[in-house]
Amino acid sequence: ENASDRARRERHIQLARALAGKGRAGPAADELQKAYDLDPNATEVALELGEMLCRAGRNEAALKIAEATKVKTNAQKAHMLLICGWARRQMKQLDAAESLLANALELNPRSARTLYELGRVRESAGDAEKALAYYRRALAEVFGETP
């Protein structure tokens, strides 16, 4: 039982989360990659890996994983679009990033991360007023307030 692929996958996920909690996104992404390799059809693992790759600055890898993920629900699609938008923003592809993030926000209007990333896009584009509005909305979601 302890040597099964499922048990090994869970150990990699637990280790990745522990590493991420210590601010070690690169090694955490490596552990999630091992979990993903054990079960490439596990949507949640793929999305968590994509997010961790973004945190580690491995944007091309994050895009590749996210775009290959077969999402089944609107929540998963919103998460996939967030990862793609986040990676594109970090790659300085602001128009593509904004479009992806806007689509993600339509599917999940309460996503603090999506709102934050839209703020980063607008800030990078030089639109401080709109960036601040997105940041305020993101903070309101984090703290459970109405903007």
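Within any chain, residue numbers begin from 1 and follow the written order of that chain's sequence. Residue-level local features of this predicted model are given only where pLDDT is at least 70; pairs of side-chain atoms are given and counted only at 80 or more, and the full residue set underlies all totals for whole chains, interfaces and linings. To get the side-chain values, all heavy atoms of the structure are used, and hydrogens and water are removed first.

Caption draft 1: Inspection of the overall build of the chain at higher detail. Secondary structure follows DSSP: runs of H or I at least 4 residues long count as helices, runs of E at least 2 residues long count as strands, and numbering of each begins at the N terminus. Secondary structure summary: the chain contains eight helices and zero strands in total. Scanning the chain from its N terminus toward the C terminus, one meets helices and strands in the order α-α-α-α-α-α-α-α. Here the radius of gyration uses the C-alpha set of atoms, whereas the globule reference equals 2.2 Å times the residue count to the power 0.38. For the chain, whose C-alpha radius of gyration is 16 Å, the value lies close to the compact-globule estimate of 15 Å for 147 residues. By principal-axis analysis of the C-alpha atoms, the chain measures approximately 55 × 30 × 30 Å. The classification of residues rests on relative accessible area computed with a 1.4 Å probe and restricted to protein chains. Under 20% of the type maximum is buried, over 50% is exposed, and intermediate values are partly exposed. Relative to its 147 residues, the chain shows a buried fraction of 42%. Should any heavy atoms of two residues lie within 4.5 Å, those residues are counted as being in contact. In the chain, the proportion of contacts linking residues at least 24 apart, taken out of those at least 6 apart, comes to 47%. All accessibility values rest on the Shrake-Rupley procedure with a 1.4 Å probe; residue burial counts only the protein chains present in the view. For the chain, the computed accessible surface area is about 8,300 Å², with 48% contributed by carbon and sulfur atoms. Of the side-chain charges in the chain, 24 are positive and 21 negative, and the distance between the mean point of each set is 2 Å. Note on charges: Lys and Arg go in the positive column, Asp and Glu in the negative column, and His and the chain ends are not counted at all. One atom stands in for each charge, and that atom is NZ of Lys, CZ of Arg, CG of Asp or CD of Glu.

Caption draft 2: Representation of a nonpolar patch on the surface. Two joining distances apply to patches: 9 Å for like charges and 5 Å for nonpolar side chains (Val, Leu, Ile, Met, Phe, Trp, Tyr), and every residue must have over 30% relative accessible area and no salt bridge. Any Lys or Arg side-chain nitrogen found within 4 Å of a carboxyl oxygen on Asp or Glu counts as a salt bridge. On the surface, Leu 139, Val 142 and Phe 143 cluster together into a nonpolar patch covering about 330 Å² of accessible area. Examined against the element boundaries, Phe 143 turns out to sit in helix H8 (residues 128–143).

Caption draft 3: Examining unusual backbone geometry more closely. Of note, Lys 92 is a non-glycine position whose phi angle comes to about 70°, a positive value. Here Lys 92 shows up in the loop between helix H5 (74–90) and helix H6 (94–107).

Caption draft 4: Inspection of the packing of helix H4 (residues 59–68) against H5 at higher detail. Fitted lines through C-alpha atoms serve as axes, helices being fitted only where they are in contact, and the angles separating the N-to-C directions of these axes extend from 0 to 180 degrees. Between H4 and H5, the shortest axis-to-axis distance is 9 Å and the interhelical angle comes to 155°. With respect to H5, the element H4 is oriented roughly antiparallel. Viewed along their axes, H4 and H5 form a crossing whose handedness is left-handed. Residues Asn 59, Ala 62, Leu 63, Ala 66 and Glu 67 of H4 touch H5, and the partners they reach there are Met 80, Ile 83, Cys 84, Ala 87, Arg 88 and Gln 90. Gly is placed with the polar residues, together with every amino acid not listed as nonpolar (Ala, Val, Leu, Ile, Met, Phe, Trp, Tyr, Cys and Pro) or charged (Asp, Glu, Lys and Arg). Looking at side-chain class alone, the contact of H4 with H5 contains seven nonpolar, two polar and two charged residues. Orientation is classified from the angle alone, with under 35 degrees giving roughly parallel, over 145 giving roughly antiparallel, 65 to 115 giving roughly perpendicular, and any other angle giving oblique. Crossings are assigned a handedness: left-handed for a near helix turned anticlockwise from the far helix by less than a right angle, right-handed for a clockwise turn.

Caption draft 5: Quick look at the pattern of salt bridges. Applying the stated rule across the entire model yields 13 salt bridges. In this structure, Arg 8 engages Asp 5 in a salt bridge whose closest nitrogen and oxygen atoms are separated by 3.1 Å. You can see Arg 8 and its partner Asp 5 sitting in helix H1 (residues 5–21), three residues apart, about one turn around the helix. The exposure class assigned to Arg 8 is partly exposed, which follows from its relative accessible area of 34%. A relative accessible area of 44% means that Asp 5 is categorised as partly exposed. Overlapping salt bridges bring together Arg 9, Glu 10 and Asp 39 as one network.

Caption draft 6: Just the packing of aromatic side chains, in detail. Aromatic rings from Phe, Tyr and Trp, with only the six-membered ring used for Trp, were paired whenever their centres fell within 6.5 Å, and each pair was classed as stacked if the ring planes differed by under 30 degrees, edge-to-face if by over 60, and tilted otherwise. Applying the stated criterion across every chain, the model contains one aromatic pair. Two conditions define a charge sitting above a ring: the NZ of Lys or the CZ of Arg must be within 6 Å of the ring centre, and it must be within 35 degrees of the ring normal. The ring of Trp 86 has Arg 113 sitting right over it, with the charged end atom 3.8 Å from the ring centre.

Caption draft 7: Quick look at H6. For a helix, the expected span equals 1.5 Å multiplied by the number of residues minus one. With 14 residues, H6 extends 20 Å between its outermost C-alpha atoms, agreeing within 8% with the 20 Å of an ideal straight helix rising 1.5 Å per residue. Where H6 is buried, its residues contact H5, helix H7 (112–124) and H8.

Caption draft 8: Layout of the environment of Asp 5. Spatially, the C-alpha atoms of Asp 5 and Asp 39 are 8.1 Å apart, while their sequence positions differ by 34 residues. Polar contact criterion, stated in full: a pair of N or O atoms within 3.5 Å, where within protein one must be able to donate a hydrogen and the other to accept it, and residues adjacent in sequence count only if both atoms are side-chain atoms. At 3.1 Å, the side chain of Asp 5 forms a polar contact with the side chain of Arg 8.

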